[in-house]
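Coordinates in review
The chain contents come next:
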Amino acid sequence: MSVRPRSGVQIPALTAQVARASNPRGTTAMWVRDRLDGLWRDADFEAWYPRDGRPGISPAQLATVCVLQFLLNLSDRQAAEAVRCRLDFKYALALELHDPGFHHSVLGDFRDRLAKNDRADQLLDLALERLKTAGLVKARGRQRTDSTHILAAARELTRLELVLEAVRAAVEELARTDPDLLDGLVTAEWGERYGRQVRMCSQPSHPVTRLTQAGTDAADLLTRFQQHPGRRPGPQLEALRQIMVQQFVVDARGRLRPRREEDGLVPAKVRIESPYDVEARWVRRGNTRWTGYLAHVTETCDDGRVNVITDVATVVSAADSQALPAIHARLKRRRLLPAQHLVDGGYTSATGFDAAARTHKVTLVGPLPANSSQQRATDTGFARENFIIDFDRREVTCPNGKVSGNWNELPAMAPYTVVRFDKRQCQPCPERSQCTRGTARTVNFLPRRLHEIQARNRADQHDDQWKQMYASRSGVEGTVHELVTGHRARRCRYHGTAKTHVQHVLTAIAINIERLSEQEPENSTYRPRPPTAFQQYLDTRGLPRPLWWRQGK
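The structure presented is a predicted model; accordingly, all values stated were derived computationally and were not measured.

**A short note on the pattern of salt bridges**
All told, the structure shown has 33 salt bridges when counted by the stated rule. Here Arg334 ties to Asp125 by a salt bridge, and the two come within 2.3 Å at their closest N and O atoms. Note that Arg334 is positioned in the loop between helix H12 (320-333) and strand S7 (340-342) and Asp125 in helix H7 (residues 119-133), a separation of 209 residues in sequence. Classification of Arg334 by relative accessible area gives buried; the value is 4%. The partner of Glu482 in a salt bridge is Arg515, with the nearest N and O atoms 3.0 Å apart. Remark: Arg515 occurs in helix H19 (residues 497-517) and Glu482 occurs in helix H18 (residues 475-486); sequence separation between them is 33 residues. According to the relative accessible area criterion, Glu482 is buried, its value standing at 18%. Judged by its relative accessible area of 11%, Arg515 is buried. Taken together, the shared-partner salt bridges in this structure form one network comprising Asp121, Asp125, Asp311, Arg330, Arg333 and Arg334.

**So, unusual backbone geometry**
In this model, Ala94 sits at a positive phi of 60 degrees, which is unusual for a non-glycine residue. Inspection of the secondary structure puts Ala94 in the loop between helix H5 (87-93) and helix H6 (105-114). Residue Ala94 is classed as buried on the basis of its relative accessible area of 11%. Positive phi, close to 55 degrees, is recorded for Lys361, a residue that is not glycine. Structurally, Lys361 is set in the loop between helix H13 (350-360) and strand S8 (363-365).

**Let's talk about the sheet that holds strand S12 (residues 407-408)**
The strand order across the open sheet built from three strands is S12-S13-S14, with neighbouring strands paired in antiparallel fashion. Of all strands in the sheet, those bounded by a partner on one side alone are S12 and strand S14 (442-445).

**A word on the sheet that holds strand S11 (residues 403-404)**
Whenever strands of a sheet pair, they do so through backbone hydrogen bonds, lying parallel or antiparallel. Strand order across the open sheet formed by three strands is S9-S10-S11, with antiparallel pairing between neighbours. Of all the strands in the sheet, the pair left with one neighbour each is strand S9 (388-390) and S11. The pairing of S9 with strand S10 (residues 395-397) spans three bridges and is classified as antiparallel. If you follow Asp390 over to S10, its bridge partner there is Glu395.

**A look at the nonpolar core**
Core analysis: the biggest nonpolar cluster contains 75 residues, and Trp40, Phe45, Phe110 and Ile509 have the highest contact counts within it. When neighbours within four sequence positions are excluded, Phe110 is seen to be in contact with Phe45, Trp48, Tyr49, Pro59, Leu62, Ala63 and Cys66. Ranked by size, the runner-up nonpolar core spans 28 residues in total, among them Leu164, Val167, Ala170 and Leu174.

**A few points about the packing of helix H8 (residues 159-177) against helix H11 (residues 235-247)**
One can describe the packing of H8 onto H11 by two numbers: an axis separation of 8 Å at closest approach and a directional angle of 150 degrees. As far as their axial angle goes, H11 and H8 are roughly antiparallel. Crossing handedness for the pair H8 and H11: left-handed. Here H8 contributes Arg159, Leu162, Val163, Ala166, Val167, Ala169, Ala170, Glu173 and Leu174 to the contact with H11, which in turn contributes Pro235, Gln236, Leu237, Leu240, Ile243 and Gln247. Considered class by class, the residues forming the contact of H8 with H11 number 11 nonpolar, two polar and two charged.

Here is what the cut-offs are and how they apply
- Residues numbered from 1 in each chain as written.
- Predicted model: local features only at pLDDT ≥ 70, side-chain atom pairs only at ≥ 80, totals over all residues.
- Heavy atoms only, no water.
- Salt bridge = Lys/Arg side-chain N within 4 Å of Asp/Glu carboxyl O.
- Helix = DSSP H or I, 4+ residues; strand = E, 2+ residues; numbered from the N terminus.
- Buried < 20%, exposed > 50% of the residue type's maximum accessible area, 1.4 Å probe, protein only.
- Pairing = 2+ DSSP bridges.
- Core = buried A, V, L, I, M, F, W, Y, C linked by side-chain atoms within 4.5 Å.
- Contact = heavy atoms within 4.5 Å.
- Axes fitted to C-alpha atoms, helices over the stretch in contact; angles between N-to-C directions.
- Parallel < 35°, antiparallel > 145°, perpendicular 65-115°, else oblique.
- Left-handed = near helix turned anticlockwise from the far one by under 90°.
- Nonpolar A, V, L, I, M, F, W, Y, C, P; charged D, E, K, R; others polar.

Structure below.
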């Protein structure tokens, strides 16, 4: 299948006339065509297709349909039906009124193509480039980022259910692709155990015995497959092999048995939780526990402008701070780096502040974790802030005037510089009980540049102007809510990180065009609703009143 770029595509006159008559104020789909002249061109997708072959459906049209599909929360069948039946879809795609559209399976094939390499991010790059050209988004403003949990498109399984379902999935796969391999292995007992989807009560009978039996069946199945070299295992058979390695061991007598705690359990960050989505992981953050992924959403938050999502990242369980360098790298590629980047405490660290400023000239704005020492936690005694650090003379002076030159720097004490006071200095001190529980005090601090960043940030957090600026970061919570609730992104539609990322990118583009299309043009006759009598009463008395959340209050 190849691409035949269409140049100078115009909306058919009859399609435009009927669509305008039916929708005088227009729709979001019509706004995409009118304001942006479409988000993409077929030439943008030429590298995704071979040069030779039968011409396929326009990839620019398919990408637009996918965005509108996520905008309206449609299934593939409903989206294909909308292309056939809805006037605004035909208007946005520049189709004739009698165009029959395409089969719904084409959308799934296009998403599979979109999930390869980093094409989903490239699609977002192209859309943001169109928005920049239209003057709807700009660089070096203010942006904010937050993350949320995403549930995998698979039910949570117990250990016994996981192994049984993995064997059942592998047997189903072989029954479709190579049924001869099952001859002589599958018996009536196999049919009883794996003939239907595994669902168990909260307390199944003989769980250890059944788990061992399932492991034995899985080992026999894998051995049978290995006896036929030259055949590549399918995804379900490969998932079964990995699950067997994680859940079973062979003891000293050569017997297969379930893995125990003394054998060393597999950590959650690599443990497979479902045979159908081997990339989803079990994650715990505070009181929230889930199996799935993590989504990072970045949007603009400049005063007087529409907030536009500039980046979305889908990752397996990882610290928020680890995602920040990749976010900045993608924003740099899009030429949309912010001057100020507002984040919460999960993204901040002294090294992160320094790296963002040095590499991208981005000022991170967010709270650094407070000093966690016992003295600071109980607010009694002398914390590190009470000591005077002289980097030039490599000395530290305690609150009682004692000076220590026992200075131990990187790399031996990485990542901190450690200064130890002598016990002959600390033991005679009358306030030693307020300073340390040991015989002498030890002070740890970051290298000079990072220490100054840390001290400056903690001082800024008490400034009213800093608090007022940082208050706008909370608006990203509404965007996350819009993403996961308004567009059903809390649960994955598909299996795997790549396809889940495609879902998030298409949803982000849909939110952008929805927000921008709702803005009234300059020559609009729309006027906001006048205040009610009680609101006028509050205004005349100088009393505050709540405003609509879209007004930023």
